[in-house]
Amino acid sequence: MRFDPAQGEEWGLTYGYDIYLRSQNVAQALANLAELAPPAPRVPPLKLTLPGGDRLVLPFTSHFKSEPVDCSTSSTLELDTSIMFDVDDALRAYAETGGPEPEADGRIRIGYIYATIRFESFLHPGYASVECWAATSGMSRLFARSTNIRRVFTDLAAASGGVCCLFDTGDGGPEQVCWLNGETTQEMVPGPRFPDRRALVATWSDPER
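Since the model is a prediction, treat every value here as computed from it, not as a measurement. (Residues numbered from 1 in each chain as written. Predicted model: local features only at pLDDT ≥ 70, side-chain atom pairs only at ≥ 80, totals over all residues. Heavy atoms only, no water.)

Q: So what about the packing of aromatic side chains? Which residues, and what values?
A: The geometry of two aromatic rings is summed up by the distance between their centres and the angle between their planes. If you walk through the whole model with that rule in mind, you get 11 aromatic pairs. Each ring, one from Tyr17 and one from Phe167, has its centre 5.0 Å from the other, and the planes form 45 degrees; the classification is tilted. Of the two residues, Tyr17 sits in strand S3 (residues 16-22) while Phe167 sits in strand S12 (residues 162-168), which places them 150 residues apart along the sequence. Both residues of the pair, Tyr17 and Phe167, count as buried. Among the aromatic side chains, those forming a connected cluster through ring pairs are Tyr15, Tyr17, Phe85, Phe143, Phe153 and Phe167. The aromatic ring of Phe167 is capped on one face by Arg150, whose charged end is 5.2 Å from the ring centroid. (Phe/Tyr/Trp six-rings, centres within 6.5 Å; stacked < 30°, edge-to-face > 60°. Helix = DSSP H or I, 4+ residues; strand = E, 2+ residues; numbered from the N terminus. Buried < 20%, exposed > 50% of the residue type's maximum accessible area, 1.4 Å probe, protein only. Lys NZ or Arg CZ within 6 Å of the ring centre and 35° of its normal.)

Given below as structure tokens:
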């Protein structure tokens, strides 16, 4: 069980959003994710080298450290992120029950979001994945309730050239397809349209095209 030092809360539920995209789009996805960070980062910038040589400077940490990270021979990258969301009813209720207060611009940060980048995803080796997990059980429940949190991740998939965004409860149970090939949806895997993950992946285009 993990622990969020910012929230002082243990992590039992592990809800997250998984974005699948072509490997060459990972740099753009991370740059888009960085644009969602709070305007005044509390940590030194993280210098990052991706497979293929792309270099980025991100307002996040990796394993809670800011030393440069070279992923040129790595299969994964772990990031500790903090990003901002527009307040909706679920986020407002979260703030009223002990969560952080909204900023002056109407946005709110909710604590650490752990991002695992797999340069070859579990579902298809030709696609990478950006898996964004809530740091605590309370945040996981918020991930499930908040329409604005969901919109941030589906918009991130769209802006980064993704093919799919899944809401994953992390327990091996059914996953919800939130965004697929440019369209928002609420299909389940397994479900009537997608009896398994293989059927879902079959709808993705050839990653080399």
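Q: Please provide a residue-by-residue account of the nonpolar core, values included.
A: In terms of nonpolar packing, the biggest core is built from 51 residues, with Leu30, Ile110, Phe143 and Phe153 touching the most fellow members. In terms of residue count, helix H1 (residues 26-34) provides more of this core than any other element does, 6 residues in total. Setting aside anything within four residues of it in sequence, one finds Phe143 in contact with Tyr15, Gly16, Tyr17, Ile110, Ile113, Cys132, Trp133, Ala134, Ile149, Phe153 and Phe167. One finds Leu123, Leu180, Val189 and Val201 within the second-largest nonpolar core, a separate group that totals 13 residues. (Core = buried A, V, L, I, M, F, W, Y, C linked by side-chain atoms within 4.5 Å. Contact = heavy atoms within 4.5 Å.)

Q: Outline the sheet that holds strand S6 (residues 69-70), listing residues and values.
A: Across the sheet, 3 strands lie side by side as S5-S4-S6; this open sheet has mixed pairing. Every interior strand has two partners, whereas the edge strands, strand S5 (55-58) and S6, have only one. Where strand S4 (residues 46-49) lies against S5, 4 bridges are found, and the strand directions are antiparallel. Bridge pairing in S5 places Leu48 opposite Leu56. (Pairing = 2+ DSSP bridges.)

Q: Explain unusual backbone geometry to me, using residue names and the numbers behind them.
A: Geometrically, the link from Val189 to Pro190 is a cis peptide bond, its omega value of 0 degrees lying close to zero. Relative to the assigned elements, Pro190 resides in the loop between strand S14 (183-189) and helix H5 (197-201). Residue His63 is not a glycine yet carries a positive backbone phi of 55 degrees. When its relative accessible area of 55% is taken as the criterion, His63 is described as exposed. Backbone geometry at Phe64 places phi at a positive 60 degrees, although glycine is not the residue there.

Q: Quick one: what's the story with the side chain of Ser146, residue by residue and with numbers?
A: Within the fold, Ser146 resides in the loop between helix H3 (137-145) and helix H4 (147-159). Looking at Ser146, the relative accessible area reads 3%, which means it is buried. Only 2.8 Å separates the side chain of Ser146 from the side chain of Asp88, close enough to count as a polar contact. Among the polar contacts made by the side chain of Ser146, one reaches the main-chain amide nitrogen of Asn148 at a distance of 3.4 Å. What Ser146 contacts, discounting residues up to four positions off in sequence, is Asp88, Ala90 and Leu91. (Polar contact = N/O pair within 3.5 Å; in protein donor to acceptor, adjacent residues only side chain to side chain.)

Q: Describe the state of the cysteines, listing the residues and the values that go with them.
A: Summed over all chains, the structure comprises 0 disulfides. Among the cysteines around Cys71, which has no disulfide bond, Cys132 carries the closest sulfur, lying 15 Å off. There is no disulfide at Cys132, and the cysteine sulfur nearest it, in Cys165, is 8.5 Å away. (Disulfide = S-S within 2.5 Å.)

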